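# Close look at the chain arrangement
One-letter residues, chain by chain:
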Amino acid sequence: MANTMQFDLVSPERSLASLKVTAVQLPGSEGELTAMPGHWPMITTLKPGILTVTADGEVLEFAVTGGFADISAEGATVLAEQAFEKGPEGRAAVEAELAQARAAAEAAKGPERDTATELVYDFVHLLENMQ
Amino acid sequence: MPSLKDLKNRISSVKSTRKITKAMQMVAAAKLRRAQESAEAARPYTERFNAVLGQLAASVGGADNAPLLLRGTGKDDVQLLVVMTSERGLCGGFNSSIVKLARTRIEALKIAGKTVKILTVGKKGREQLRRDYGDMMIGHIDMSEVKKLGYGNAAAIAKDLLGRFDAGEFDVATIFYSEFKSVISQKPTAQQIIPASYDAPEEGAVSTIYDYEPSEEAILADLLPRGVATQLFAALLENAASEQGARMSAMDNATRNAGDMIDKLSIEYNRTRQAVITSELIEIISGAEAL
């Protein structure tokens, strides 16, 4: 079995990465997961978090604010709502998202409030990880 | 017959007009390149997104409990037309051709007895439609403050649309925009976005069985609103490129016309100047003879 697979990270505005990788760690909405070559085909939604890509012993990290991933045996494609490389630019954008999520959580009622609050925690967690 | 001074003034005013149109053409050319680049950059996302949604829609779409965004409300009585035009004029027939297509559709729907609602994006379309269909307009989205189109703009429009859809304000939404074919050719296009129709994967293609996390339905429910935003974003980008293309060729024409006009006026100016000299000479000569 091949030990690398094609990995693409695209956001609506641009394509951020396209390379051969050995493993991708994704912040799936149902929990973190790692995709490696030969993974069973699956589609999962993502929550805000850090995406870790391992290629040739190098490790790349991206911050994503949500979206979904299409994983198959030959590759993984992440369609992120917004994605950034780790850095001050990304931090500012994530902070803006966090402020929005906070406002949404305060406005939400009933069961929606729980999901909205969870989203706020995810963003806070993501910001901590971006330091 | 205009005097020499009048002609001189007219020539200089046409010359400065030509300078302006020439500059606008260059600016449009530069902006066009940028617009094309961002349209290009957005393509991979849209393609993959549609592929995944197509697959999902094919497996869930037939079910009775499929999301409303995919299945529709089962009616088509209230039609929402989203007319996307530019914020600025001086771009040839760009806005008029989009509005014309929308008008034809509005008239056809009216004859069919449907209720029509109009949402405009961009100032120019609103101005043109307001006179005849002012009572059908339910909203306007101002893009004049937008310096660089981002996904956020499309997401905001999508949010507005989805809010109205959830409130039951319309059954079918169609967007009107201009597809960018080339610098000299832009095609006004109508595209239905709610309920969405996605191409199912080709027959005979190896369809892999996917695991879905969370469930298939949950993912579809999550993706469909995003699909609306993605389609709007693609349309906005196409529109931006078309606008600049149309402006570029319109300004190219204007520059050429101004050049022709300057030539004509210069000939007239020279003729008048010669006539003036000749008549002055005749006056001097006849004056000298009279002595």
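No experiment lies behind these values; they were computed from the predicted model shown.

## Examining the interface of chain B and chain A
The interface is formed by 21 residues belonging to chain B together with 20 residues belonging to chain A. Residue assignment for the side of chain B that touches chain A shows that the elements contributing at least two residues are α1 (4-60), β6 (211-213) and α6 (216-290) of chain B. Here the side of chain B that touches chain A gets seven residues from one element, more than from any other, and that element is α1 of chain B. For the side of chain B that touches chain A, the residue count by class is 14 nonpolar, three polar and four charged. Examined bridge by bridge, strand β5 (residues 42-46) of chain A and β6 of chain B share three bridges and lie parallel to one another. Each bridged residue has a counterpart across the sheet, and for Met 42 of chain A the counterpart in β6 of chain B is Asp 211 of chain B.

## Re the pairing of strand β9 (residues 75-80) of chain A
All names here are of chain A. Where burial is concerned, most of β9 is hidden: five out of the six residues are buried. In this sheet, β9 lies alongside strand β1 (residues 5-10) in parallel orientation, the contact comprising five bridges. Following the sheet pairing, Leu 9 is matched in β9 by Val 78. Bridging between strand β8 (residues 67-71) and β9 involves five bridges; their strand directions are antiparallel. In the sheet register, Ile 71 faces β9, and the bridge partner there is Ala 76. From the end of β8 to the start of β9, which pair antiparallel, there are three residues.

## Notes on the environment of Met 24 of chain B
All names here are of chain B. In this structure, Met 24 sits in helix α1. With 19 C-beta atoms packed within 10 Å, Met 24 lands in the partly exposed category. Along the primary structure Met 24 and Ala 154 are separated by 130 residues, whereas in three dimensions their C-alpha atoms are 27 Å apart. Excluding anything up to four places from it in sequence, Met 24 contacts Leu 90, Arg 247 and Met 251.

## Comments concerning unusual backbone geometry
Geometrically, the link from Ile 194 of chain B to Pro 195 of chain B is a cis peptide bond, its omega value of -10° lying close to zero. Positionally, Pro 195 of chain B belongs in the loop between β5 (185-194) and β6. With a phi close to 50°, Asp 56 of chain A is a non-glycine residue in the positive phi region. Within the secondary structure, Asp 56 of chain A sits in the loop between β6 (49-55) and β7 (58-64). Note on Asp 56 of chain A: 10 C-beta atoms within 10 Å, which makes it exposed. Although it is not a glycine, Leu 90 of chain B sits at a positive phi angle of roughly 55°. Note on placement: Leu 90 of chain B falls in the loop between β1 (78-84) and α3 (94-111).

## Quick word on the environment of Thr 85 of chain B
Counting through the fold element by element, Thr 85 of chain B comes out in the loop between β1 and α3. Here Thr 85 of chain B is in contact with Asn 95, Ile 98, Val 99, Gly 122, Lys 124 and Gly 125 of chain B, once residues within four sequence places are set aside.

## Details of the confidence of the model for chain B
On average, residues of chain B score 88 in pLDDT, and 94% of them are at 70 or above. Across the interface, the model reports ipTM at 0.82; the global pTM reads 0.86.

## A short note on the domain arrangement of chain A
All names here are of chain A. Partitioning chain A into structural domains gives domain 1 (5-85) and domain 2 (88-129). Centre-to-centre, using C-alpha coordinates, domain 1 lies 21 Å away from domain 2. The interface is formed by nine residues belonging to domain 1 together with nine residues belonging to domain 2. Elements with a contribution of two residues or more to the side of domain 1 that touches domain 2: β6 and β10 (83-85). Partitioned by chemical class, the residues of the side of domain 1 that touches domain 2 number four nonpolar, three polar and two charged.

## Some thoughts on the nonpolar core
Val 82, Val 83, Leu 232 and Leu 237 of chain B are the most contacted members of the largest nonpolar core, which totals 95 residues. At 18 residues, the largest contribution of residues to this core is made by α6 of chain B. Shared between two domains, this core takes at least three residues from each, and those domains are domain 1 (5-85) and domain 2 (88-129) of chain A. Aside from chain neighbours lying at most four places away, what touches Leu 232 of chain B is Ala 154, Ile 157, Ala 158 and Ile 175 of chain B.

## Remarks on the sheet that holds strand β2 (residues 115-121) of chain B
All names here are of chain B. Taken in spatial order, the five strands make up an open sheet running β3-β2-β1-β4-β5, and their pairing is mixed. Bordering the open sheet on either side are β3 (137-141) and β5, each of which pairs with just one other strand. Direction aside, neighbouring strands of the sheet carry axes that sit 25° apart on average. Examined bridge by bridge, β1 and strand β4 (residues 172-182) share five bridges and lie parallel to one another. Counted as the bridge partner of Leu 80 is Ala 173 from β4.

## What about α1 of chain B?
The terminal C-alpha atoms of α1 of chain B lie 78 Å apart, and with 57 residues this matches the ideal 84 Å at 1.5 Å per residue to within 8%. At Arg 43 of chain B, α1 of chain B shows its largest bend, some 35°, and a proline, Pro 44 of chain B, comes one to four positions later.

## Observations concerning the packing of α3 of chain B against helix α4 (residues 123-133) of chain B
Residue and element names in this part refer to chain B. For the pair α3 and α4, the least separation of the axes is 9 Å and the interaxial angle reads 35°. Seen along the crossing, α3 lies across α4 with a hand that is right-handed. Where α3 abuts α4, its residues Asn 95, Ile 98, Val 99 and Ile 106 lie against Lys 124, Gly 125, Gln 128, Leu 129 and Tyr 133. Looking at the contact of α3 with α4, its residues break down into five nonpolar, three polar and one charged.

How each quantity is defined
Residues numbered from 1 in each chain as written. Chains lettered and ligands numbered in written order. Predicted model: local features only at pLDDT ≥ 70, side-chain atom pairs only at ≥ 80, totals over all residues. Contact = placed C-beta atoms within 7 Å. Helix = DSSP H or I, 4+ residues; strand = E, 2+ residues; numbered from the N terminus. Nonpolar A, V, L, I, M, F, W, Y, C, P; charged D, E, K, R; others polar. Pairing = 2+ DSSP bridges. Buried ≥ 20, exposed ≤ 12 C-beta atoms within 10 Å, placed from the backbone. pLDDT = per-residue confidence, 0-100. Domains from an automatic or database assignment. Core = buried A, V, L, I, M, F, W, Y, C linked by C-beta atoms within 7 Å. Axes fitted to C-alpha atoms, helices over the stretch in contact; angles between N-to-C directions. Expected span 1.5 Å × (residues − 1). Bend = angle between axes of the 7 residues up to and from the residue. Left-handed = near helix turned anticlockwise from the far one by under 90°.

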